[in-house]
Amino acid sequence: DPVPALVGSNGLISSYTSAFKFLTQAIDIVSRGYYEYRDGVVRVPHLSRWDYVGFGPKRVAEVAAASDDVLSFHGGAEDILQADYTMGPEITANPYHEHTVRSALTRNIGRCLPQMHDEFVRAFEDEFALDGAEWKEITVMPHALRVVARTTARVFVGLPLCRNQEYVDLSISYTVAVFGRSQIIAMFPSFLKPIFGRLLSSRRSSIKQAMKTIGPAIEERLAKDAELGPGWVDRPNDFISWLIDDAEDAERTAPALALRILATNTAAIHTSSSALTTALYDLTTYPEHVGPMREEAERVVAAEGWTKSALGNMVKIDSFLRESQRVHGSKAVSMLRKVVAKDGFTFGDGTVLPQGTFVSLASRPACMDPGNYANAEVFDGFRFARERDEARAEGTEGGAFKHHMISTSAAHLVFGHGKYACPGRFFAAAELKAMLAHLLINYDFRAQTEGVRPKDFEFGMFNGPDPKGKIWVRRRERGGA
Ligand code: HEM
């Protein structure tokens, strides 16, 4: 194989040792390769196979432009989640929920904002459980998970289910079960997967639990739709209705719709709560950003309330969240695809990837490349706000748009790039911006130990904020917006 290996050689034994090395040092190893093989393609070792990683904008453009019958996005998703077994073959075979997220959910962000705001205001209050004006030490991640789960549930299934403890817990634990079991199922050879995959799957118990909590609401909605048609007065404007509008045939049953909601939660909840946790670690590590963002939040909310247009005017908050994603939220690689064409996939530099192999693109290294960002190694929360101002001063509104939190490029693959870029990123950005603005207006935060940021965890291609990291919080005296 002429494609260079980033660690180890081709041998079976050395590939196991290097796979373990890669598990603990993926970001470092991929980052070194990024400079050594600029615009190139390399192999990285996993426990049971070699994957390919491409570097630089040319390789990103080629993967983004490849057609589905050459490089498969869903083949990649199936591999990460072992979705055929953990969730069910219909999820990747007919991923219609992606369309529901991209269109109905995104279109309804403005309309749903008042409910989302109502939910997270209460959820933060419940989670922090502050007594008077004293400082309190909190472990960020579990609170972030529950606030995000409740807020998402408010839009997905509405009141009172979004406060149903069993459902909120399920919406968090389902993702953990899917990822956990997918790691184990992935280790079996393909011919054993149908047996062990099914044995290990939490599909049946999860659908059963979902049916117990949100099932009756879905059944009622389907029954009313059948009786009155989908245009009935007071039909709730929520994700259940939008899914029903997009679902066909076998998907129009309560268990199938409940499973779809769980599958969408898998993409929505841990990603957004990690981003919130990451942002709070950055806020307390670089507290010089608090004042300007607080001023912006108070001014914009006083003028426009909790509206989509207000969020559009939170330029510093948008920039801070994008920078937080760039420096700490980005993964080693992004955009995993499976090569499905019989003849494989050929990159512009001549590298051929055989059918059945997997390819992804270096993400963190591009985010930290000084060729892409001035002083790339420095956390500069307002760099994108300044770039927006400069582009606007030069009269290029399109140029300003490039620096928004939801914009993707070869230098910013946090949400992927191209036609499969995360369809939920508009919702995620709105939710995160509104939450951060609310927190800045109503609470004070400080680091557990001044100047020390909780250490990100790293496990192979996965990395994220310290799940046990702590910060201090107290109620702000001037709060109330
Ligand atoms: C900060 C939060 C989030 C991050 C960083 C994120 C990131 C990503 C990435 C990297 C992809 C794959 C893109 C590719 O391979 O080209 C993706 C796919 C996807 N995202 Fe997001 N996402 C976030 C929030 C959300 C939310 C809130 C939703 C839904 C409301 C959502 C729904 C999806 C869906 C449906 C897919 C398609 C594949 C799948 O089901 O996993 N995401 N996201």
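What comes next concerns the included structure.

Criteria and cut-off values
- Residues numbered from 1 in each chain as written.
- Predicted model: local features only at pLDDT ≥ 70, side-chain atom pairs only at ≥ 80, totals over all residues.
- Heavy atoms only, no water.
- Near = heavy atom within 4 Å.
- Polar contact = N/O pair within 3.5 Å; in protein donor to acceptor, adjacent residues only side chain to side chain.
- Helix = DSSP H or I, 4+ residues; strand = E, 2+ residues; numbered from the N terminus.
- Nonpolar A, V, L, I, M, F, W, Y, C, P; charged D, E, K, R; others polar.
- Pairing = 2+ DSSP bridges.
- Contact = heavy atoms within 4.5 Å.
- Axes fitted to C-alpha atoms, helices over the stretch in contact; angles between N-to-C directions.
- Donors = N, O, S within 2.8 Å, 3.2 Å for Na, K, Ca; no water.
- Phe/Tyr/Trp six-rings, centres within 6.5 Å; stacked < 30°, edge-to-face > 60°.
- Buried < 20%, exposed > 50% of the residue type's maximum accessible area, 1.4 Å probe, protein only.
- Lys NZ or Arg CZ within 6 Å of the ring centre and 35° of its normal.
- Patch = residues over 30% accessible without salt bridge, like charges linked within 9 Å, V, L, I, M, F, W, Y side chains within 5 Å.
- Areas by Shrake-Rupley, 256 points an atom, 1.4 Å probe, with all protein chains shown as cover.
- Salt bridge = Lys/Arg side-chain N within 4 Å of Asp/Glu carboxyl O.
- Lys, Arg positive; Asp, Glu negative; His and termini not counted.
- Charge placed at Lys NZ, Arg CZ, Asp CG, Glu CD.
- Arc of directions from axis to C-beta.
- Parallel < 35°, antiparallel > 145°, perpendicular 65-115°, else oblique.

In the vicinity of the ligand lie 22 residues, with Phe-73, Ala-267, Arg-337, Phe-415 and Cys-422 positioned nearest. Contact distances for the ligand include 3.4 Å between a nitrogen atom and a backbone N or O atom of Ala-267. Within the side chain of Arg-337, one N or O atom sits 2.9 Å away from an oxygen atom of the ligand. At the level of secondary structure, the elements contributing two or more residues to the shell around the ligand comprise helix H6 (96-107), helix H14 (254-285), strand S5 (333-339) and helix H21 (425-442). No other element matches H14, which puts five residues into the shell around the ligand. In terms of residue class, the shell around the ligand is built from 14 nonpolar, six polar and two charged.

Once that is clear, we can look at the sheet that holds strand S3 (residues 71-72). Picture the strands of a sheet paired through backbone hydrogen bonds; they go either parallel or antiparallel. Pairing is mixed in the open sheet, where five strands are placed in the order S1-S2-S8-S5-S3. Looking at which strands have only one partner, the edges of the open sheet turn out to be strand S1 (41-45) and S3. Pairing geometry for S5 and strand S8 (residues 358-362), over four bridges, is antiparallel. Paired with Arg-337 across the strands is Val-359, a residue of S8. In the packing of helix H2 (residues 56-65) onto the sheet, contacts are made with S1, strand S2 (50-54), S3, S5 and S8, and the angle to S5 comes to roughly 45 degrees. Here helix H3 (residues 73-81) sits on the sheet and contacts S3, S5 and S8; the angle it forms with S5, its principal contact strand, is near 105 degrees.

A lone protein donor contacts the iron atom of the ligand, and this donor is Cys-422 (SG), found at 2.3 Å. Within the fold, Cys-422 resides in the loop between helix H20 (397-401) and H21.

To continue, consider the packing of aromatic side chains. Taken as a whole and assessed by the stated rule, the structure comprises 16 aromatic pairs. Judged by centre distance (5.0 Å) and plane angle (80 degrees), the rings of Tyr-34 and Tyr-35 are edge-to-face. When the centroid spacing of 5.0 Å and the interplanar angle of 85 degrees are considered together, the rings of Phe-128 and Tyr-443 count as edge-to-face. Taken together, the residues Phe-128 in helix H7 (residues 109-128) and Tyr-443 in strand S9 (residues 443-447) connect sequence positions 315 residues apart. For the pair Phe-128 and Tyr-443, one class covers both residues: buried. The cationic tip of Arg-326 hangs over the ring face of Tyr-373; the distance from NZ or CZ to the ring centre is 4.9 Å.

Moving on, we come to a negative patch on the surface. Residues Glu-387, Asp-389, Glu-390 and Glu-394 make up a contiguous surface patch of negative charge. Residue position: Glu-390 is located in helix H19 (residues 383-393). Given the relative accessible area of 46%, Glu-390 is considered partly exposed.

Okay, helix H11 (residues 203-213) next. The complete set of buried residues in H11 reads Ser-206, Ile-207, Ala-210, Met-211 and Thr-213. Down the axis of H11, the sector holding all buried residues measures 165 degrees, keeping them to one side. Set apart from the buried face of H11 by more than 90 degrees, the exposed residues are Arg-204, Lys-208 and Lys-212. Looking at the buried positions of H11, the neighbouring elements they touch are helix H9 (165-185), helix H12 (215-228) and H14.

Time to look at the pattern of salt bridges. Counted under the stated rule, the structure contains 33 salt bridges. For Asp-68, the salt bridge is made with Lys-419, and the minimal N-O distance between the two is 3.2 Å. Of this pair, Asp-68 sits in the loop between H2 and S3 while Lys-419 sits in the loop between H20 and H21, and the two are 351 residues apart along the sequence. For Asp-68, a relative accessible area of 37% corresponds to the partly exposed category. One network of salt bridges, with partners in common, ties together Asp-118, Glu-119, Arg-122, Asp-126, Arg-150, Arg-154 and Arg-163.

For the rest of this paragraph, the subject is the packing of H11 against H12. Close contact between H11 and H12 brings their axes to 4 Å; oriented N to C, the two are set at 70 degrees. Put simply, H11 runs roughly perpendicular to H12. Touching Ala-210, Met-211, Lys-212 and Thr-213 of H11 are Gly-215, Pro-216 and Glu-219, all from H12. Residues that form the contact of H11 with H12 fall into these classes: three nonpolar, two polar and two charged.

Before going further, it helps to examine the side chain of Asp-318. Here Asp-318 shows up in helix H17 (residues 315-329). Dropping the residues within four chain positions of it, Asp-318 is found in contact with Arg-388, His-403, His-404, Met-405 and Lys-433.

Our next topic: the sheet that holds S9. With antiparallel pairing, the three strands of this open sheet are ordered in space as S4-S12-S9. Single-partner strands in this sheet number two, and they are strand S4 (136-139) and S9. Sheet twist, expressed as the average angle between the axes of neighbouring strands with direction ignored, equals 35 degrees. Strand contacts of H7: S4, S9 and strand S12 (470-475), with the helix running at about 50 degrees to S9, the strand carrying the most contacts. Here H21 sits on the sheet in contact with S9 and S12, set at roughly 95 degrees to S9.

What follows deals with unusual backbone geometry. The linkage connecting Leu-159 with the following residue, Pro-160, adopts the cis geometry, with an omega of -5 degrees. For Pro-160, the position within the fold is in the loop between helix H8 (140-156) and H9. For Gln-82, which is not a glycine, the phi torsion comes out positive at approximately 45 degrees. Its place among the elements puts Gln-82 in the loop between H3 and helix H4 (83-86). On the basis of relative accessibility, which here comes to 2%, the residue Gln-82 falls in the buried class. A positive phi angle is found at Asp-249, which is not glycine, with a value near 45 degrees. Looking at the secondary structure, you find Asp-249 in the loop between helix H13 (239-246) and H14.

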